[in-house]
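Listed here are the chains, written in short residue letters.
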Amino acid sequence: MGKSLHMTRYGVSRAEDLPDEIGIAVTDTEGGTLKSFVGTTGPMPDESLIGWLARTAAFNAHRSLVKTLWSKVGVRAPSPAAISQSLRGEAARVAFLLRADPNEVLARACPEIVGAGSAARIDFFGVPIRPHYRNLGVRRVSPLALRQSGYHRAVWELRPLAFDPGTMERLLQNCPVCGSVLGWRRTFGICHCDRCKDRHRRPTVDLRAFPQPLVEVEDMEALAFVASLVDPLRSEPTVWGSRLSSEVRELSRGEMFDLSVALAAVLENDSLPPGERRALRFSKAVGALGLEPRFLALAGRALLDWPRGFFRVADALREGMDERGGAFGLNKELGSLLRAKRAARFGGRVDALLDRGIAADVARTDMDELLLRREEYRSANRINVREAVREFGIDQDRLVRLADSGALKCVRHRRIIVFDRAELEEVILQRADAVGAMRTAALIGVPLGALPDLTAHGLVEKIKGPVVGMLKEKEQYRLSALDALLAKLRDRAHEHARVGDERLTLSASHLFVGPKPWAGIVEAVLSGMLPVRSLNNRLEGVLDRMAVDPDEFGVLSARFGTPVAADLDGMTNYVEAAAFFGVSRACFSELTSAGLLPARDRVNLRIRRGDLADFADKFLFTGEAVRRLRLTKAEGIAFLRAQGVEPVAIMLKGKMQLWAKADVQVFFVA
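Residues numbered from 1 in each chain as written. Predicted model: local features only at pLDDT ≥ 70, side-chain atom pairs only at ≥ 80, totals over all residues. Heavy atoms only, no water.

**So, the overall build of the protein**
Stage number 1. Helix and strand counts for the protein stand at 31 helices and 19 strands.
Stage number 2. When burial is assessed residue by residue, the protein has 48% of its 670 residues classed as buried.
Stage number 3. Of all intrachain contacts in the protein linking residues separated by at least 6 positions in sequence, the fraction that spans at least 24 positions is 64%. (Helix = DSSP H or I, 4+ residues; strand = E, 2+ residues; numbered from the N terminus. Buried < 20%, exposed > 50% of the residue type's maximum accessible area, 1.4 Å probe, protein only. Contact = heavy atoms within 4.5 Å.)

**Here's the deal with the sheet that holds strand 17 (residues 619–621)**
Stage number 1. Strands sit in the order 17-19-18 across an open sheet of three strands; the sheet is antiparallel. Strand pairing shows two members of the sheet lacking a second neighbour, strand 17 and strand 18 (649–651), which therefore form its edges. Sheet twist, expressed as the average angle between the axes of neighbouring strands with direction ignored, equals 25°.
Stage number 2. Both strand 18 and strand 19 (residues 656–660) contribute to a ladder of three bridges, which runs antiparallel. Bridge pairing in strand 19 places M651 opposite M656.
Stage number 3. Strand contacts of helix 27 (residues 586–594): strand 17, strand 18 and strand 19, with the helix running at about 140° to strand 18, the strand carrying the most contacts.
Stage number 4. Packed onto the sheet, helix 28 (residues 609–618) meets strand 17 and strand 19 and runs at close to 80° relative to strand 17. (Pairing = 2+ DSSP bridges. Axes fitted to C-alpha atoms, helices over the stretch in contact; angles between N-to-C directions.)

**Points about unusual backbone geometry**
Glycine aside, residues mostly have negative phi angles, and peptide bonds mostly take the trans form.
Stage number 1. Of note, the amide linkage connecting W306 to P307 takes the cis form, showing an omega dihedral of 5°.
Stage number 2. Here P307 lies in the loop between helix 12 (293–304) and helix 13 (308–318).
Stage number 3. Located in the positive-phi region is R99, a residue other than glycine, with phi close to 55°.
Stage number 4. Among the structural elements, R99 can be located in the loop between helix 5 (91–98) and helix 6 (102–108).
Stage number 5. Even without being a glycine, C110 presents a positive backbone phi close to 55°.
Stage number 6. Mapped onto the elements of the fold, C110 is located in the loop between helix 6 and strand 5 (122–124).
Stage number 7. For C110, a relative accessible area of 2% puts it in the buried group.

**Observations regarding the sheet that holds strand 14 (residues 546–548)**
Stage number 1. One open sheet accounts for three strands, arranged 12-14-13; its pairing is antiparallel. Looking at strand neighbours, the two that pair on one side only are strand 12 (502–503) and strand 13 (533–534), the edges of this open sheet.
Stage number 2. Note that strand 13 and strand 14 share two bridges and pair antiparallel. What sits directly across from S534, in strand 14, is M546.

**Some remarks on the side chain of T187**
Stage number 1. Looking at the secondary structure, you find T187 in the loop between helix 7 (143–148) and helix 8 (220–228).
Stage number 2. A distance of 3.0 Å separates the side chain of T187 from the backbone nitrogen of G189, its partner in a polar contact.
Stage number 3. In contact with T187, not counting residues within four places along its chain, are A54, A57, A58, H62, R63 and L65. (Polar contact = N/O pair within 3.5 Å; in protein donor to acceptor, adjacent residues only side chain to side chain.)

**Notes on the nonpolar core**
Stage number 1. Membership of the largest hydrophobic core comes to 90 residues, with the highest contact counts inside it found for I129, F225 and F257.
Stage number 2. Setting aside its immediate chain neighbours within four residues, I129 contacts A120, R121, I122, F124, L158, V230 and F257.
Stage number 3. Core analysis: the next-biggest nonpolar cluster, separate from the first, contains 35 residues, L451, V460, L489 and F560 among them. (Core = buried A, V, L, I, M, F, W, Y, C linked by side-chain atoms within 4.5 Å.)

**Things to note about the pattern of salt bridges**
Stage number 1. Under the definition given, this model contains 23 salt bridges.
Stage number 2. Residues D305 and R301 are paired through a salt bridge, measuring 3.3 Å at the closest nitrogen-oxygen approach. The same class applies to D305 as to R301, namely buried.
Stage number 3. What you see here is one network of salt bridges that share partners, running through D219, E221, R301, D305 and R312. (Salt bridge = Lys/Arg side-chain N within 4 Å of Asp/Glu carboxyl O.)

**Some remarks on the packing of helix 11 (residues 253–271) against helix 12**
Helix packing for two helices is described by the angle between their axes and how far apart those axes are.
Stage number 1. Relative orientation of the contacting elements helix 11 and helix 12 amounts to 135°, with a least axis distance of 8 Å. Classified by the angle between their axes, helix 11 and helix 12 sit oblique to one another. Here helix 11 runs over helix 12; the crossing is right-handed. On helix 12, the residues touching M256, L259, S260, L263, A264, L267, E268 and S271 of helix 11 are F295, L296, L298, A299, A302 and L303.
Stage number 2. Its residues assigned to classes, the contact of helix 11 with helix 12 comprises 11 nonpolar, two polar and one charged. (Parallel < 35°, antiparallel > 145°, perpendicular 65-115°, else oblique. Left-handed = near helix turned anticlockwise from the far one by under 90°. Nonpolar A, V, L, I, M, F, W, Y, C, P; charged D, E, K, R; others polar.)

**With respect to the confidence of the model for the protein**
Stage number 1. Scored by pLDDT, the protein has a mean of 78; 79% of the residues are at 70 or more.
Stage number 2. Within the protein, the element-level pLDDT minimum falls on helix 1 (residues 2–9), averaging 34, and the maximum on helix 7, averaging 94.
Stage number 3. Taken as a whole, residues 1–18 scores under 50 in pLDDT and shows 20 contacts with residues more than four places along the chain or in a different chain.
Stage number 4. A low-confidence stretch, residues 367–379 stays under pLDDT 50, and its non-local contacts, those more than four residues away or across chains, total 30 contacts. (pLDDT = per-residue confidence, 0-100.)

**Details of the environment of Q148**
Stage number 1. By the element assignment, Q148 lies in helix 7.
Stage number 2. On the accessibility criterion, Q148 (55% relative accessible area) is exposed.
Stage number 3. It is 9.6 Å that separates the C-alpha atoms of Q148 and R208, two residues lying 60 residues apart in sequence.

**Description of a positive patch on the surface**
Stage number 1. A cluster of basic side chains, namely K67, R185, R186, R195, K197 and R201, defines a positive patch on the protein surface.
Stage number 2. Note that R201 resides in the loop between helix 7 and helix 8. (Patch = residues over 30% accessible without salt bridge, like charges linked within 9 Å, V, L, I, M, F, W, Y side chains within 5 Å. Areas by Shrake-Rupley, 256 points an atom, 1.4 Å probe, with all protein chains shown as cover. Lys, Arg positive; Asp, Glu negative; His and termini not counted. Charge placed at Lys NZ, Arg CZ, Asp CG, Glu CD.)

**Here's the deal with helix 15 (residues 348–365)**
Stage number 1. In this model helix 15 runs 26 Å from its N-terminal to its C-terminal C-alpha over 18 residues, within 8% of the 26 Å that 1.5 Å per residue would give.
Stage number 2. Along helix 15, the positions that sit buried rather than exposed are V350, L353, L354, G357, I358, D361, V362 and T365. One face of helix 15 carries all of its buried residues, which in axial projection span an arc of 165°. Opposite the packed face of helix 15, turned more than 90 degrees from it, sit the exposed residues G348 and A363. (Expected span 1.5 Å × (residues − 1). Arc of directions from axis to C-beta.)

**Concerning the pairing of strand 19**
Stage number 1. Among the five residues that make up strand 19, five are buried, leaving the element largely enclosed by the rest of the structure.
Stage number 2. On strand 19, burial covers both faces: M656, L658 and A660 on one face and Q657 and W659 on the other are all buried.
Stage number 3. Two elements, strand 17 and strand 19, share three bridges in a ladder whose sense is antiparallel. Within strand 19, the residue paired with F619 across the bridge is A660.
Stage number 4. Hairpin geometry of strand 18 and strand 19 is characterised by an intervening segment of four residues between the two adjacent antiparallel strands and by a positive phi of about 55° at L652.

**Observations concerning the packing of helix 2 (residues 49–59) against helix 5**
Stage number 1. Contact geometry for helix 2 and helix 5: axes closest at 11 Å, N-to-C directions at 35°. The way helix 2 lies across helix 5 gives a crossing that is left-handed. Between helix 2 and helix 5, the contacting residues are L49, W52, L53 and T56 on the first element and V94, L97 and L98 on the second.
Stage number 2. By residue class, the composition of the contact of helix 2 with helix 5 is six nonpolar, one polar and no charged.

**Concerning the packing of aromatic side chains**
Geometrically, a pair of aromatic rings is defined through the distance of the ring centres and the angle of the planes.
Stage number 1. Summed over all chains, the structure comprises six aromatic pairs.
Stage number 2. With 5.6 Å between their ring centres and 90° between their planes, Y133 and F257 make a pair best called edge-to-face. Placement of Y133 in the loop between strand 6 (127–129) and helix 7 and of F257 in helix 11 is noted, with a sequence separation of 124 residues between them. As far as burial versus exposure is concerned, Y133 and F257 are alike and both buried.
Stage number 3. Plain terms: the ring middles of F639 and F667 are 5.5 Å apart, the flat faces sit at 90° to each other, and that makes the pair edge-to-face. Here F639, found in helix 30 (residues 633–642), pairs with F667, found in the segment after helix 31 (661–664); they are 28 residues apart in sequence, far enough to count as distant.
Stage number 4. We classify F639 as partly exposed; its relative accessible area is 29%.
Stage number 5. For F667, a relative accessible area of 25% translates into the label partly exposed.
Stage number 6. Counting every residue linked through ring pairs, the aromatic cluster contains F615, F619 and F621.
Stage number 7. Sitting over the face of the ring of W184, R139 holds its NZ or CZ atom 5.8 Å from the ring centroid.
Stage number 8. For the cation-ring pair, R153 lies above Y151, with the distance from its terminal atom to the ring centre recorded as 4.1 Å. (Phe/Tyr/Trp six-rings, centres within 6.5 Å; stacked < 30°, edge-to-face > 60°. Lys NZ or Arg CZ within 6 Å of the ring centre and 35° of its normal.)

Right, here's the structure in full:
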């Protein structure tokens, strides 16, 4: 009965949570009376001493580990981390508290390895690692792993790993509710926040209810390899042994982990802006939140595919060598790695492996000669890529592609690209005077397909040359020429629109079916042949803000000329197609759905211009039909039906009809 009540009160529900023994063991020693926990259970295979203590203390309703250790077995510890880091002869007392073997307790405290050389090492479940890798000041957990089994994994205590190797979930170290850093001084159980409690001192926040994002990197295999080096449940050298080169197989798991952490720390540090980089003192190379998994994966791949994987790390470091302007030779190329190597004091085997890898990489890249400083290899009329990015704000990738294309003359020195400053400045000026095709058409108020016609008549100027490679849109126009055209067009509209006037672009859609002679219309406006007046609306295009007399516009239409023929194999979209026929855009969605107009891309409604021209030869809409019949819309539809002519399709809920041109044109008024 007592055991059942105890289980209900503290939430024990699974077999592995049940204590192995129930009852208090008491013994008298010279230091006083020792008392064990009421209920104890053995440790899990990958559970550290502090996790074991906290789990057992919470089961026995003890909230403070420090007070429990003193009151039960007389062990003084300033913090739970202190008792777990160094037992100092107290292993027997702690073992009595847990009813466990003292050797088991000592092993899970990760004792320091005697005779480990100049760099101290601790025994982390059989793997010698650096003491500063282990962080007991903060409790980090994986909610998904706790759902599987509610105990603390020792691998969560290692600073470099910011994720759980079993679930690949990022570790949680702050309470999602109160925001406090999770710790060890108090405990409500491994699965709960040690601060959030109700008025009955019961935990209120279950960390298992707050799963964290999963780690996603391109090379998950390499990341799993790094984690397996120190994870007690996954440290299986035989799994990876056949994959490793003979040089890497000579290293111990601790040395492999050491080298992986060093490479990842160097890569992460080099990825930061120059002002934010840390001095790579190796004891502080790993931040409080651990290393980014993507850099650990790169480091793991360096060992798995040695030496090719190491070459990729070296190439990544060389990409930032221009920022090391005061360095020479190898220090300029791999400066961060060399500094970390000196600071880490790896030891003979790792140092020898790194030396051989660096020598092979230098021979591979043929960069054994000293690189000159930037100030010395360029004169005042030269500028390199990074300086151009800082000075002109140009995207670096576009400059590199520009150099690769040969469109702009440049000089290359290994990975350094140097341009002629005068030529680059000229391109920059052209870039500032460029505007994309879509923006050009929108400002004028014409479809995108009208720009070739305007260009052929000299109304807009298309930009060619190297500058095009630096801009997002491939088709660019000169902004200064466009501004001049727009200013001239605005000057022609002095008066306000009159009663009966119609928007110029709308009148053009009504009058012309198919390609509109936009160049002729613009020239007629500029010359004054076509009188225009200003229209007060919210449209952006200049022509959209102009009004004309529809009758006057119709009389002059024959003098606008023929537009430049469009490429029939080219593609257009439904917006241009609607302007082509002078109807709403919604019509074309229904036309393509009915199969009357083939769409090459139904998602984006891409239509071939040739198909659009064929459609115009076969069909016409009601608007064009009644204009040619010189009747109103209602009169025209009634007349055609009286003659036995029915529409081919009815769209927009009866508001728009499509007719066969051959059936209707016999009634057109000459």
